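# Residue-level structural notes
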Amino acid sequence: MRLMKGSFVILLLMLAISGCGSENADDLDDDLARMEYVTNDGNEPNDLYRRDLHNATSNYDEIKEYSDHYSAFLTTFHEELLGLYTYVDELDESETQATVGRLSGLVDEITEKPTPPEFYDLRDVTLGSLLEMNAIDKNISECADGNEEACDLTRSYTENLTEYLRTMEYTHQAKVDDFGVVS
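Residues numbered from 1 in each chain as written. Predicted model: local features only at pLDDT ≥ 70, side-chain atom pairs only at ≥ 80, totals over all residues. Heavy atoms only, no water.

A word on the nonpolar core. Most often, soluble globular proteins keep nonpolar side chains buried together rather than apart. Of all hydrophobic cores here, the largest spans 26 residues; its most connected members are Tyr70, Phe73, Phe77, Leu84, Met133, Leu161 and Met168. Of the residues forming this core, the biggest block, 10 residues, is contributed by helix α4 (residues 60–89). (Core = buried A, V, L, I, M, F, W, Y, C linked by side-chain atoms within 4.5 Å. Buried < 20%, exposed > 50% of the residue type's maximum accessible area, 1.4 Å probe, protein only. Helix = DSSP H or I, 4+ residues; strand = E, 2+ residues; numbered from the N terminus.)

The next point concerns unusual backbone geometry. Even without a glycine there, the phi angle at Leu91 is positive, about 55°. Mapped onto the fold, Leu91 is located in the loop between α4 and α5 (93–112). On the basis of relative accessible area, Leu91 is assigned to the partly exposed category, the value being 34%.

For the rest of this paragraph, the subject is the packing of aromatic side chains. The final tally for this structure, using the stated rule, is four aromatic pairs. Ring geometry for Tyr66 versus Phe119: centroids 5.0 Å apart, planes at 50°, classification tilted. Note that Tyr66 is positioned in helix α4 and Phe119 in the loop between α5 and α6 (120–144), a separation of 53 residues in sequence. Comparing Tyr66 with Phe119 shows no difference in burial state: the two are buried. Note on Phe73 and Phe77: the rings are 5.5 Å apart at their centroids and 50° apart in plane angle, and the pair reads as tilted. With Phe73 and Phe77 both in helix α4 and four residues apart, this pair spans about one turn of that helix. When its relative accessible area of 5% is taken as the criterion, Phe73 is described as buried. Residue Phe77 is classed as buried on the basis of its relative accessible area, which comes to 0%. (Phe/Tyr/Trp six-rings, centres within 6.5 Å; stacked < 30°, edge-to-face > 60°.)

This is how it looks when you write it as C-alpha cells:
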C-alpha cells in the first residue's frame, strides 16, 4: 500500500515536471516581447504625475518667496539653538530664557507670514517646537536652583528642540526639491 502511494506521488511529480517544459521557445519569445516597456506610446503624461512642478504649480513665486524666508529662519534658528546649549550647560537662567524668547519670536514671525498650502505641514512642525521651548523655559528656573531632575529635563527638551530643527530642515529641503525651487 505504501509502495503504491509512493509510486503514485512520483508519477504525479513526473507529469508536473514534464508539463512545465512543454512551452516552446516561440511562445516564450512572444511573452517576453509583450512584456517590453514602451517608453513613449504617443500619450502625454498626466500633469498630476509630473515632477516638473515649476511649470505645473501656479503659485511658484509665492512658494519661492516663502522658501527663501524659511531658509533664513532656519539659519537664525540654528545659531540661536547653539547658544541655547551653552546657556543650558552653564545653568544661566536669564540667558536661557532670553534665547528661548528669541527662538519663540522667530517661530512667531515665520508662522505669521502668509503660508502657501504646500508648506502647511512644515508650519505645523515649526509650531510644535514651541512646546519644547515652553518646557525649557519652565524647567530652567528649577534647574538653576539645583534640581537635578529639572536639569535633566531641560537638557532633554533642548535635545528635542534639535530634533525639531532637523525635521524642519529635512522637510523644507524636501519641499524645495519637490517644487524645483532655485535660490
